[in-house]
Amino acid sequence: MHSFDIFDTLITRSTAVPRGIFMLMEKRMCKINRFDSFLCANFYELRSGAERLARRYARSAGREEVTLDDIYKILSMTTGVSEEQLEELKKLEVDLECDNVLGIRKNIALLKKLKKEGERVVLISDMYLDEESIRCILCRVDSVFADIPVYVSSAYGKTKGNGSLFLVVQKQEQVNFSDWIHYGDNESADIRAAMKLGIKAIHLVSEELKEYEHPEKSIYHQLSVGSSRYVRTLGRGDCVSEVGSSLAGPILYPYVKWILRESLRNGINRLYFVARDGWILQHIADKIIEKESYQIHTAYIYGSRVTWRLPCYDGSKEDLRELLYYSNVEEVSSWEGLAKLFQLSLEELLSFLPEKSDIYKGEKQISKSEADTVCKWLQENEAFRRYLVKSQGKNRELVIHYLQQELDVSDDRFAFVELSGSGFTQQCLAKILGNFYTGEVKNFFYCLSDAHGNDCCRFFQFYPNDLKRYFMLELMCRAPHGQVTGYKEEAGIISPVLESREGEWIKEYGIETYRVAVLAYVQYMEDACVRNGLAETQKLDIVKEYMELIAEHPPKRIAEYFGHMPFSCSGKKNAMVEFAPPISKKQLRKMYFWDNGKNIRHFYQGDHAEYALTVSNEARVYKEKCERYRKSWIGKWIINCIRFFPTCHSLEFDYYCPREFLQGNVVIYGAGKVGQDFVKQAQQKRAGCIRLLWVDSNYIQLQAAGLDVKSPEEIKGYSFDRIIIAVHHAAARQEIWERLRNMGIEAEKIYYG
């Protein structure tokens, strides 16, 4: 014979824990408005307390189990409800148990297999409900339970925990313990108690709550955590499924529900989900729309900052300034990257630099100060601005035709769906739409960083809050394709051009498993909310709770999932990098002992070192150790030695310059013995000098002597990180200092060697 436990083995509830049913009852009672206000306001606590007290009374009377009648008898003494109301409450509890039951598929499949093979099967449960009620609950899940014998502890006053209910079943079924196999989730009542009698016990492990799930906070938490927990029973038990069903689902579902509700309220019947963040959001929306039968059409629009920003540029200085402000120029590290920012070739970009400028000398790298200088020049260059508008002519035409092809703008009842950011790209889109649409462009955002709507662009914001690391929402909205880099026309159809590598990496990272888990959560959460009259209820506290968990103190497995995710925040990187892989001790020493945290990106290959430090206590402790050691006397001594030896490892140098002074773009002022030693050190490979300008007031004589020395006047057209005064005598140094200050050079950029 084979016997199965029932609750958490064959069936579970849509609430996270059994007591969650009492929260649903409390909500329903308040809506019915036929019960005492004290009872309605406190039913969850009163019902839970009544059961505990009933069990205590039963034990003192020598009974092992209680019935539903026992519990409500205690409750009636507490609240003074009538007999009629008691019966109504008991019926409501059973009805809600039936309405919120979910079958555990894999275990039901096992039971069906045994029955099909002709095996005898019975069901055994420690439960205060009667057999009729439990069979009703079971049959809501599967008709296979209609004729299987059910043994319930409440009917016999016996429980599995001490083996007495097993003895009742053994007597009724006339079976030997040695011929009996029992399946259950409770290690004590189902496994140890059965094995003690000689019954073979098989542990069917139930899905436990995760350490970050706290369903007792509200009804919404009960249903959300219950849905996540149930979806995990259906999945593979991997981290991808957990993130999708238990974190991303609860964070994204209320946003999409809000979008649909606001759309209905504002008469919007067409939603365009913008790539790539909109991919998973559209899937969620379609699932809800199908369930609720909303008259809303959804579509996926391929676009990006790369394809929508420059084509809308109008040629003005102000428009270019705004475009550059939102273009993350500080992330550009090469001349090619800067040209790519304007979607130009390097040769095209260089042709617009001032004729007398020698800012570009063939190097690949560009410093932040150089990039800023070039951008300021280009803003003032009217010829460049006109050329930029002209260069985008074809792209502008393709974008307009693509949008005309994909969008229905016959009226203003449409909106775009985005995720997070400044909103600037959507403002650019609105300008492009202005070529064929004159109405207001509506946009939904989860959260906005700083943009506001204008006359042609209106923003709806779901969560106007300063969410910690809100940009991590992007990690929950990846798509199985790369960034949209442009458009192409084939046979009269405009289609997007996609970067291929990133999409493949995201697919390999399990995007399909993730999508299935997110949508499963949405399905069961939506079902639970509709069944229980909570379809319009979305709680923001669970969003904030889970976002803070992910951003500040995620479990190790969650931190690793996000840390290793393929990520590119700006689209300007040539190679894919992981979001925040673990930082090694070697990297931490280089970053925070040797370099004092100045050039983190040079040593760390991930995108977000701060997150890697936040989620690793070991890394944070070692970072702090490196910083303390750097400040100690021995640390300072070591740094000074290392600073000396790489730039002064040859005895030919009488004067040495600290290595950090020589890094980047440098001007060395002075061509005497000090200056010549400094220049030789700067030319060493390990010095880190990217570009060097050597100047001296006696440059004519020095050039005649074969030295590559320029006039100090050339400093004015040179982009540099610092000027090093390489002069031995104090009076001469002071004179040069004053000369440089009179040229308008900031004191912070002038150094004595």
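Residues numbered from 1 in each chain as written. Predicted model: local features only at pLDDT ≥ 70, side-chain atom pairs only at ≥ 80, totals over all residues. Heavy atoms only, no water.

Considerations on the side chain of K257
This is how it is decided: Helix numbers and strand numbers start at the N terminus; a helix is a DSSP run of H or I with at least 4 residues, a strand a run of E with at least 2. Remark: exposure states derive from per-residue accessible area (1.4 Å probe, protein chains only) relative to the maximum for the residue type, with buried under 20%, exposed over 50%, and partly exposed in between. Under this definition, polar contacts are N or O atom pairs within 3.5 Å; protein pairs additionally need one hydrogen-donor-capable and one acceptor-capable atom, and for neighbouring residues in sequence, both atoms have to be side-chain atoms.
Locating K257 in the fold gives a position in helix α11 (residues 239-265). Taking relative accessible area as the criterion, K257 reaches 4% and is therefore assigned buried. Among the polar contacts listed, one links the side chain of K257 to the side chain of E526, at a separation of 3.3 Å.

Some points on the nonpolar core
The test is simple: What we call a nonpolar core is a set of buried Ala, Val, Leu, Ile, Met, Phe, Trp, Tyr and Cys residues that are connected through their side-chain atoms within 4.5 Å. Every residue pair with non-hydrogen atoms within 4.5 Å of one another is taken to be in contact.
Counting 201 residues, the largest nonpolar core has F342, Y446 and F562 as the members making the most contacts within it. Looking at this core, the element that brings in the most residues is α11, giving 13 residues. Excluding its chain neighbours within four sequence positions, the residues that come into contact with F562 are V243, M472, L475, M476, I550, F579, A580 and Y611.

With respect to α11
Note the cut-off: What a helix should span is 1.5 Å times the count of its residues minus one. At any given residue, the bend is defined as the angle formed between two axes, one fitted to the seven residues that end at that position and one fitted to the seven that begin there.
Helix length check: α11 (27 residues) gives 38 Å between terminal C-alpha atoms against 39 Å at 1.5 Å per residue, within 8%. The largest bend in α11 is about 50°, located at G249, with the proline P250 one to four residues further on. Here α11 lies mainly inside the structure; 24 of its 27 residues are buried. Looking one or two residues past α11, G267 carries a phi angle of roughly 75°, positive in sign.

Looking at the sheet that holds strand β6 (residues 181-184)
Sheet strands pair by backbone hydrogen bonding; their relative direction is either parallel or antiparallel. Note the following rule: Two strands are counted as paired when DSSP detects at least two bridges linking them. Orientation is described by lines fitted to C-alpha atoms, with helices fitted over the stretch in contact, and by angles between N-to-C directions that extend from 0 to 180 degrees.
Pairing is parallel in the open sheet, where five strands are placed in the order β5-β4-β1-β6-β7. Strands at the two margins of the open sheet, each flanked by one partner only, are β5 (150-152) and β7 (200-203). Ignoring strand direction, the axes of neighbouring strands in this sheet form an average angle of 20°. Direction of pairing for strand β1 (residues 2-5) relative to strand β4 (residues 121-125): parallel, over a ladder of four bridges. Bridge assignment links H2 to a residue of β4, and that residue is V121. Lying over the sheet, helix α5 (residues 105-116) contacts β1, β4 and β6, oriented at roughly 160° with respect to β1. In the packing of helix α9 (residues 187-196) onto the sheet, contacts are made with β1, β6 and β7, and the angle to β7 comes to roughly 155°.

Some points on the packing of aromatic side chains
The condition that has to hold: A pair of aromatic rings is counted whenever rings of Phe, Tyr or Trp (Trp by its six-membered ring) have centres within 6.5 Å, and the orientation is called stacked for planes under 30 degrees apart, edge-to-face for over 60 and tilted otherwise. In our convention, an over-ring charge means Lys NZ or Arg CZ found within 6 Å of a ring centre and within 35 degrees of that ring's normal.
Within this structure, the stated rule accounts for 37 aromatic pairs. For the pair W258 and F462, a centre-to-centre distance of 5.5 Å together with 50° between the ring planes defines the contact as tilted. Here W258 is found in helix α11, whereas its partner F462 is found in the loop between β14 (457-461) and β15 (484-490), with 204 residues between them in sequence. As far as burial versus exposure is concerned, W258 and F462 are alike and both buried. Relative to F384, the ring of F342 has its centre 5.3 Å away and its plane inclined at 90°; by these criteria the two rings are edge-to-face. Highlighted residues: F342 in the loop between α15 (335-341) and α16 (346-350) and F384 in helix α18 (residues 382-391), separated in sequence by 42 residues. On the accessibility criterion, F342 (1% relative accessible area) is buried. Between K623 and the ring centre of Y592, over which it is positioned, the NZ or CZ distance is 4.9 Å. The ring of F720 has K749 sitting right over it, with the charged end atom 5.1 Å from the ring centre.

A short note on the packing of helix α4 (residues 83-99) against helix α6 (residues 131-141)
The line we're drawing: Orientation categories follow fixed angle ranges, with anything under 35 degrees roughly parallel, anything over 145 roughly antiparallel, 65 to 115 roughly perpendicular, and all other angles oblique. A clockwise turn of the near helix away from the far one marks a right-handed crossing, whereas an anticlockwise turn of less than a right angle marks a left-handed crossing. Only Asp, Glu, Lys and Arg are considered charged in this grouping, and only Ala, Val, Leu, Ile, Met, Phe, Trp, Tyr, Cys and Pro are considered nonpolar; every other residue, Gly among them, is considered polar.
Where α4 meets α6, the axes come as close as 8 Å, and the angle between the chain directions of the two elements is 25°. Looking at the two axes, α4 sits roughly parallel to α6. Of the two elements, α4 crosses α6, and the hand of that crossing is right-handed. Every residue of α6 that contacts α4 at V94, E97, C98 and D99 is listed here: S133, C136, I137 and R140. Split by residue class, the contact of α4 with α6 holds four nonpolar, one polar and three charged.

Brief notes about a positive patch on the surface
Short version of the rule: Within this analysis, patches are made of residues with over 30% relative accessible area and no salt bridge. Like charges are joined at 9 Å or less; nonpolar side chains (Val, Leu, Ile, Met, Phe, Trp, Tyr) at 5 Å or less. Residue-level accessible areas treat just the shown protein chains as cover; the underlying method is Shrake-Rupley with a 1.4 Å probe. Criterion for a salt bridge: a side-chain nitrogen of Lys or Arg within 4 Å of a carboxyl oxygen of Asp or Glu. Note on charges: Lys and Arg go in the positive column, Asp and Glu in the negative column, and His and the chain ends are not counted at all. Throughout, a charge is located at the NZ atom of Lys, the CZ atom of Arg, the CG atom of Asp or the CD atom of Glu.
A grouping of K585, K586, R589, K590, K625 and R628 is seen on the molecular surface, where their side chains present a positively charged patch. Among the secondary structure elements, those contributing two or more residues to the positive patch are α25 (585-594) and α28 (617-631). In terms of residue count, the dominant contributor to the positive patch is α25 (four residues).

Considerations on the confidence of the model for the protein
Just so we agree on the cut-off: The predictor attaches a confidence to each residue, called pLDDT, with possible values from 0 through 100.
Averaged over every residue, the pLDDT of the protein is 90; residues scoring 70 or more account for 97%. Of the regions scoring below 50 in pLDDT, residues 569-573 engages in 18 contacts with residues more than four places distant in sequence or in other chains.

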